[in-house]
Amino acid sequence: MLIVDDEPSNIIGLVRYIKWQELGYDDPVSAESGEEALELMGESSFDVLISDVSMPGMNGIELVAKAKTLYPQIQVLMISGYNEFEFVQDAIHVGAQAYVLKPLKLDEVSSRLTALKITLDKMRSVVEQTSDLEKKVSGSLRLVKERFVSDLIAEIPQTEEMLSSWSSLMELPGRIRGLWIMVIGLDYFLSSGKEAKDRVLLGSGFRKTVDVGLSDLEQLYMAQIAPDEIAVLHLNPTPEARVRVERQLQFIQKMMLEQYSSTVTIGCSRMGSQWNEVPLFYKEVKFMMAQARLIEDGQIIRHENRDSTEFKDFRLREEFMPNVVKLMESGDVKAVGDYMNQIFDLLQAQETFSFSYVQAFGMNFLSELVRTLKPTSGSDGELNILMWRRLLDCSSTGQIIELLIEHVDRYMLIDKKEHSNQQHNLIRKVASFIGERVQENWTVKQLAEQFNLNASYLSVLFKKEMGKTISDFVQETRIQLAKELLQDPGIKVYEVTERVGIQTSAYFIYLFKKWVGCTPQEYRDYHYSTRD
């Protein structure tokens, strides 16, 4: 504990009357200035800092900011007079956790210190538990493999650095010559009629059965995606190894049927050689399993026996098209371009899709855009009809793709421009509103309600448009007005303070010096000496 206050009586009162040992603290160290406190921090580490706000030289806000650079986790309790609350707002902004007002009440100070001690204990517990978890992860190959497969399926990019870190935890092959995945799923796990206890027992038995069935096979990496689904990644499989895996899959189905009267559907992917193919293989297998279950449960479905066109058609219709429309609505031009490229790569695979299919897809795509996206102008209807006509006149897949790109680019350009103009006008209104009411103290929440916006959205939008936060804009506006008022010798400094909406002269002087680099009086003196 470090107590900093320029009034020795305040330090003596805290040291003498707070029951430090009962609260879990060592006897506090004290300093009578920010400069002295920083010297002490350079010599010893502290968990908690109690600091007065208003001190000569380095004030409490400046001290907190510098203390946080030395000890980012240090807990800070500020002491403030009733007329210094604006100082406290700045102190919280730079990292203070709590404050108490003068005259100090020992019960209140003790309560704040107890809360800070609880926070410190929790932080230490998190660090300890994280350390323990790291040790467990390093020693638990199963847990590591689960996370690895889950990350691959979730399309988390696997950079060289990431793969190297995975290899340090488990023995990944140095070179991938081939990979395929299996998805093992319980049928009717969530059907009505099964009580919670039955589901727990069934889910546990399912996992144990799969573990036992595949336990003696090499280069297998499993992850339980859901209580009723396990994904298995098989790396560098030899023909003999694949045959053994197939036998064990049948063993798993047999055991689950005999022991739990439950059927198991299993999907096997095609063979690949790249990590980034895993999420696509997983989606393909899930689609195959869903189709197979419409006919019969308890099958083993292999990719080589299925028509891949159906999945690609499903993916275009149910995944690509809704996602690109959603991205267009968000206004992210780069993301839209990247996603459209994925669609076009799929469409340009001539051995998969006929020209008539691509043309039909183009018509459906335009229809989806018209249905989902808001029209940008009154002439949109005629333009859409023209686009359909042009699409029917296309004679190749390439021409259709060029037409779709043109339409998407046009929408993004016009919509982005209109959206930007709307945002620009809105934020200018907010800025004007603030400038006209600079004497008033509006919170971001109140401003947002005034303009029917979400407070967080307004904050993000304002900074994006103006290049600064609302708080900084308010302070800058006040300081600019103050500089104008200070040029009138008939207006006292304390009157300037009131006119710019700042409650205390002390805070006004602090804020003015922070923004301008000198005190209001120094600014006025310099202004008049220059003019003379």
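What you see is a predicted model; the values in this text were computed from it and never measured. The numbering scheme is per chain: residues are counted from 1 as the chain's sequence reads. With pLDDT at 70 or above as the cut-off, local features in this predicted model cover only qualifying residues; side-chain atom pairs require 80 or more to be listed or tallied, and sums for whole chains, interfaces and linings still use all residues. Values shown for side chains rest on all heavy atoms present in the structure; no hydrogens or waters enter the calculation.

## Concerning the layout of surface pockets
Reasoning step 1: Grid spacing is 1 Å over the protein atoms alone, the probe is 1.4 Å, and a cavity is where that probe fits but cannot get out, while a pocket is an open set with protein on both sides within 12 Å along at least five of seven lines and lining residues have an atom within 4 Å of a point. Grid points are joined across faces, edges and corners, and a volume is the space filled by probe spheres set on the points. Its boundaries defined by the atoms lining it, the largest pocket holds a volume of some 770 Å³.
Reasoning step 2: The wall of the largest pocket is formed by 26 residues, among which Gln89, Trp442, Ser471, Val474 and Gln475 lie closest to the centre.
Reasoning step 3: Elements with a contribution of two residues or more to the lining of the largest pocket: helix 5 (85-94), helix 16 (397-436), helix 17 (444-450), helix 19 (470-486) and helix 21 (505-516).
Reasoning step 4: For the purposes of this entry, the term helix denotes a DSSP run of H or I that reaches at least four residues, the term strand denotes a run of E that reaches at least two, and both are numbered from the N terminus. No other element matches the six residues that helix 19 contributes to the lining of the largest pocket.

## Looking at the environment of Met182
Reasoning step 1: Within the secondary structure, Met182 sits in strand 6 (residues 179-186).
Reasoning step 2: Placed 50 residues apart in sequence, Met182 and Val232 show a C-alpha to C-alpha distance of 5.1 Å.
Reasoning step 3: By the convention used here, residues are in contact when the closest approach between their heavy atoms is within 4.5 Å. With residues near it in sequence (within four places) discarded, Met182 still touches Leu220, Ile230, Ala231, Val232, His234, Val245, Leu249, Gly267 and Cys268.

## Thoughts on the sheet that holds strand 8 (residues 229-235)
Reasoning step 1: The five strands are arranged 7-8-6-9-10 in an open sheet whose pairing can be described as mixed. A strand with exactly one partner marks an edge of an open sheet, and here the two such strands are strand 7 (220-226) and strand 10 (300-302). Shown here is a sheet whose adjacent strand axes are inclined to one another by a mean of 15°, direction ignored.
Reasoning step 2: In this structure, strand 7 lies alongside strand 8, joined through six bridges in antiparallel fashion. What sits directly across from Tyr221, in strand 8, is Leu233. Note on pairing: two strands pair once DSSP finds at least 2 bridges between them. The axes used here are C-alpha line fits, helices contributing only the stretch in contact, and every angle between their N-to-C directions lies in the interval 0 to 180 degrees.

## Side note on the pattern of salt bridges
Reasoning step 1: We define a salt bridge as a contact between a side-chain nitrogen of Lys or Arg and a carboxyl oxygen of Asp or Glu at a distance within 4 Å. Applying the stated criterion across every chain, the model contains 17 salt bridges.
Reasoning step 2: Taking the shortest distance from any N to any O, the salt bridge between Glu146 and Arg207 comes out at 2.5 Å. Of the two residues, Glu146 is situated in helix 7 (residues 141-153) and Arg207 in helix 9 (residues 196-213); the sequence distance between them amounts to 61 residues. The burial state of Glu146 is the same as that of Arg207; both residues are buried.
Reasoning step 3: The partner of Asp211 in a salt bridge is Arg207, with the nearest N and O atoms 3.0 Å apart. Of this pair, Asp211 and Arg207 both sit in helix 9, four residues apart, which is roughly one turn of that helix. With respect to burial, Asp211 and Arg207 carry one shared label: buried. Burial here depends on accessible area, computed with a 1.4 Å probe over protein chains only, as a share of the maximum for the residue type. Under 20% is buried, over 50% is exposed, and the range in between is partly exposed.

Just geometry here; none of it tells us what the structure is for.
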